[in-house]
Amino acid sequence: MEWWKESVIYQIYPRSFADGNGDGMGDFRGIIQKLDYLKDLGIGGIWLSPHYPSPFLDCGYDVSDYCEIGAEYGTMDDFKEFLTQAHKRGIKVILDLVMNHTSNMHPWFIESKSSKDNPKRDWYIWKPNNGTFPNDWQSCFKGPAWTLDKETNEYYYHFFLKEQPDLNWRNPEVKKAMFDSMRFWLDMGIDGFRIDAITSIYEDEELTNQGWTPEEFEEKIKAKNSDSEFTPGKTWDHYMRYQTKQPELHILLQEMRELVDSYSESKLLVGELSDTEYLGDGDNELHMVFNFPLMAEGIDKKTVVNNQKIRLPLHIGNSWQGNTLSNHDVSRIRSKYGKDLISDKSLKHSAFLMATLKGTPFIYYGEELGMKNFNIDDIKDFMDLKSVNLYNSEMARGLTPAEALKIAQLDTRDRCRTPMPWSNEPNGGFSPAGVKTWLPVDPEYTQGVNVADELKDKQSILNFYKDIINFRNHSNILKFGDYEEIPTNDNDLLIFKRTYSNKSLYVVINYSNDKKDLKLFIPNNLNLEWGNIVDKSVIDKGDVAILS
Ligand code: NOJ
């Protein structure tokens, strides 16, 4: 059973979801206590952001042991109980597989770095020091992608932080070690992986210079569409053409797919990328990629219509679309679309859209409460090293601390990773009163943005999410049905039809502040299945409806 096609998947960022032992950080005991909450919300799968031991310089995406649990999250027994309890409730669990790089504190790298003839030397990408960087490649977190190891006088390659050296995937021992780690968790019963940083797993073997300075790249990005050859996405792809998406990636994915397919239960592989070419022939590479263009471009009618028109036909065979509007790397939905206002219609529109489009909805923890970005105003409290590095480089360029802070605040991913507010008690009920949480709790938990208060309020975002997810869970049409746009010649009225087994639903979103007459576009005699509507043919301002 391809469980992911019919499930809503919820992303848990372990440090911030639920603190079971009261130390200011989330953990497995905490998650276990909240599984009933997730069940009630209608969640069918959990994507767990990294839960492995980690020096935490990239907030867990710098792993120092692939077959262990970070001590701050609990023990292996806690993890196993979490998995059992999730499965008992019909909730699947996928893990984050960070395979492009390790932490520089991983024993593999410590060995590799220890000498040029260490057996693990070739597990990473080392190049001789000829007086300058091996080539002009850049890290996607800014700065050169090469760092000199003074002891052995060679450079190592890192696509991300210098504390995250890239593994050399052309070495068969690396592949074996990582596949063994995958088996370790799969044998324990987990239900698949979200594969991190998948595009950058291989780099060009010839180390071909890519040609632009970082400044030239920035200029091209700023010029945006003025140069028809380079839109921002294409500019990035061109800039990174030797560091990402190398031909061997297809072969690796086919091998990973064979590995997961060798298990009797269905195991999901979803990759952190949006290129549908990595779905292979629809049955032999990833099961699913993320619809990132929608996340980047927005949720207005034109964007949604174009996005679906372009992307849905690219999902061939059994492959499937993963829809999401936020995650641990980007702005919260409310801050992106809703001007930070909890009352903004975009909060409900986005939930509704995720639940009604064709494809699996991925919901980032706290979106169901309408959490917003939270700005930390002291650089010492930042956890995201990427943005601390940015702050330091802006200071070095001569900016004042206040100016550098502003830039770091816009860049930092801390803003969307603050603890989940469970109630209107101190610390939002996340940790006991007086405990310093690992990132601050957004104080607006005192104004109703918390689970307990929202559950009591019929009009809350949380209850909206609950209702629409549970509606979806009972509708094969929404889960599996074909998608067809209904043209409306009205830029604020989105209507599409979902059809399964000869039965259809019409999905309607009114993005405007005016009433809309639906009679002009869809049959007159439909019944309202879900949503707010004035009468059967008129949809009120900003409202949503499902009719059949
Ligand atoms: C993508 C992850 O989503 C991000 O959080 C991380 O910093 C990089 N990959 C590196 O692992």
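Draft legend 1. Structural context of the pairing of strand β3 (residues 92–97). In terms of burial, β3 is largely enclosed, as five of its six residues are buried. Two strands pair when backbone bridges link them, and strand β2 (residues 45–48) and β3 are joined in this way by four bridges, in the parallel orientation. Paired with Leu48 across the strands is Leu95, a residue of β3. For the handedness criterion, the β-α-β arrangement of β2, helix α4 (residues 76–88) and β3 is classed as right-handed. Here β3 runs beside strand β7 (residues 192–195); their pairing, made up of three bridges, is parallel. Residue Leu97 lies in a different strand from β7, and its bridge partner there is Ile195.

Draft legend 2. Representation of the sheet that holds strand β12 (residues 482–485). An order of β12-β13-β14-β18-β16 is seen for the five strands of this open sheet, with the pairing classed as antiparallel. Across the chains shown, the open sheet's two edge strands, defined by having one partner strand only, are β12 and β16 (528–531). In this sheet, neighbouring strand axes are inclined to one another by 20 degrees on average, regardless of whether the strands run parallel or antiparallel. Sheet topology places β12 next to strand β13 (residues 493–500); four bridges connect them, and they run antiparallel. Bridging from a neighbouring strand, Tyr483 pairs with Arg498 of β13. Packed onto the sheet, helix α17 (residues 461–473) meets β14 (503–510), β16 and β18 (544–547) and runs at close to 145 degrees relative to β16.

Draft legend 3. Just empty space enclosed by the protein, in detail. Counted by the stated rule, this structure contains four cavities of 30 Å³ or more. What the largest cavity holds in volume is close to 90 Å³. For the lining of the largest cavity, the secondary structure elements donating two or more residues are α13 (345–356), β11 (360–364) and α17. In terms of residues, the lining of the largest cavity owes the most to one element, α13, which gives four residues. Taken together, the residues of the lining of the largest cavity break down into eleven nonpolar, three polar and one charged.

Draft legend 4. Expanded view of the pattern of salt bridges. By the definition in use, this model includes 40 salt bridges. Lys479 serves as the salt-bridge partner of Glu6, at 3.5 Å between the closest nitrogen and oxygen. Taken as a pair, Glu6 in the segment before β1 (9–12) and Lys479 in helix α18 (residues 476–480) lie far apart in primary sequence, 473 residues in all. Using a relative accessible area of 27% as the deciding quantity, one classes Glu6 as partly exposed. For Lys479, a relative accessible area of 7% translates into the label buried. Among the ionic pairs, Lys176 bridges to Asp180, the shortest N-O distance being 2.7 Å.

Draft legend 5. Summary view of the packing of helix α14 (residues 385–396) against helix α15 (residues 401–411). Relative to each other, α14 and α15 sit at 150 degrees, their axes nearing to 9 Å. Judged by the inter-axis angle, α14 sits roughly antiparallel to α15. In the packing of α14 onto α15, the handedness of the crossing is right-handed. Between α14, through Lys386, Ser387, Leu390, Tyr391, Glu394 and Met395, and α15, the contact on the second element is made entirely by Pro401, Ala404, Leu405, Ile407, Ala408 and Asp411. Per-class residue counts for the contact of α14 with α15 are eight nonpolar, one polar and three charged.

Draft legend 6. Seen up close, the site of the ligand. Inspection of the region around the ligand gives Asp58, Tyr61, His101, Phe141, Phe160, Arg194, Asp196, Glu272, His328, Asp329, Arg413 and Arg417 as its neighbouring residues. At a separation of 2.5 Å, an oxygen atom of the ligand approaches a polar side-chain atom of Asp58. One of the side-chain N or O atoms of Arg194 is found 3.1 Å from an oxygen atom in the ligand. Tallied by class, residues from the shell around the ligand come to three nonpolar, two polar and seven charged.

Draft legend 7. Expanded view of the domain arrangement of the protein chain. What the domain assignment lists for the protein chain is domain 1 (3–100 + 172–204 + 248–376 + 419–468), domain 2 (107–157), domain 3 (208–241), domain 4 (379–411) and domain 5 (479–547). Between the C-alpha centres of domain 4 and domain 5 there is a distance of 46 Å.

Draft legend 8. Expanded view of the layout of surface pockets. Reported here for the second largest pocket is a volume of approximately 500 Å³. Lys348, Gln459, Ser460, Ile461 and Phe464 are, among the 26 residues lining the second largest pocket, the residues nearest its centre. Among the secondary structure elements, those contributing two or more residues to the lining of the second largest pocket are α13, α17 and β16. Counted by class, the lining of the second largest pocket contains six nonpolar, ten polar and ten charged residues. Each of domain 1 (3–100 + 172–204 + 248–376 + 419–468) and domain 5 (479–547) gives at least three residues to the lining of the second largest pocket.

Draft legend 9. Just the sheet that holds strand β9 (residues 288–290), in detail. If you walk around this closed barrel you meet the eight strands as β1-β2-β3-β7-β8-β9-β10-β11, and the pairing is parallel. Looking at each pair of strands side by side, their axes are set apart by 25 degrees on average, direction ignored. Note that β9 and strand β10 (residues 320–323) share three bridges and pair parallel. Residue pairing for β10: Val289 is matched across the bridge by Gln321. With respect to the sheet, helix α6 (residues 172–188) is in contact with β3, β7 and β8 (268–271), its orientation differing from that of β7 by roughly 140 degrees.

About the thresholds
Residues numbered from 1 in each chain as written. Predicted model: local features only at pLDDT ≥ 70, side-chain atom pairs only at ≥ 80, totals over all residues. Heavy atoms only, no water. Buried < 20%, exposed > 50% of the residue type's maximum accessible area, 1.4 Å probe, protein only. Helix = DSSP H or I, 4+ residues; strand = E, 2+ residues; numbered from the N terminus. Pairing = 2+ DSSP bridges. Right-handed = clockwise from strand over helix to strand, strands pointing away. Axes fitted to C-alpha atoms, helices over the stretch in contact; angles between N-to-C directions. Contact = heavy atoms within 4.5 Å. 1 Å grid on protein atoms, 1.4 Å probe; cavity = no way out; pocket = protein on both sides within 12 Å on 5 of 7 lines; lining within 4 Å. Points joined across faces, edges and corners; volume = space filled by probe spheres on them. Nonpolar A, V, L, I, M, F, W, Y, C, P; charged D, E, K, R; others polar. Salt bridge = Lys/Arg side-chain N within 4 Å of Asp/Glu carboxyl O. Parallel < 35°, antiparallel > 145°, perpendicular 65-115°, else oblique. Left-handed = near helix turned anticlockwise from the far one by under 90°. Near = heavy atom within 4 Å. Polar contact = N/O pair within 3.5 Å; in protein donor to acceptor, adjacent residues only side chain to side chain. Domains from an automatic or database assignment.

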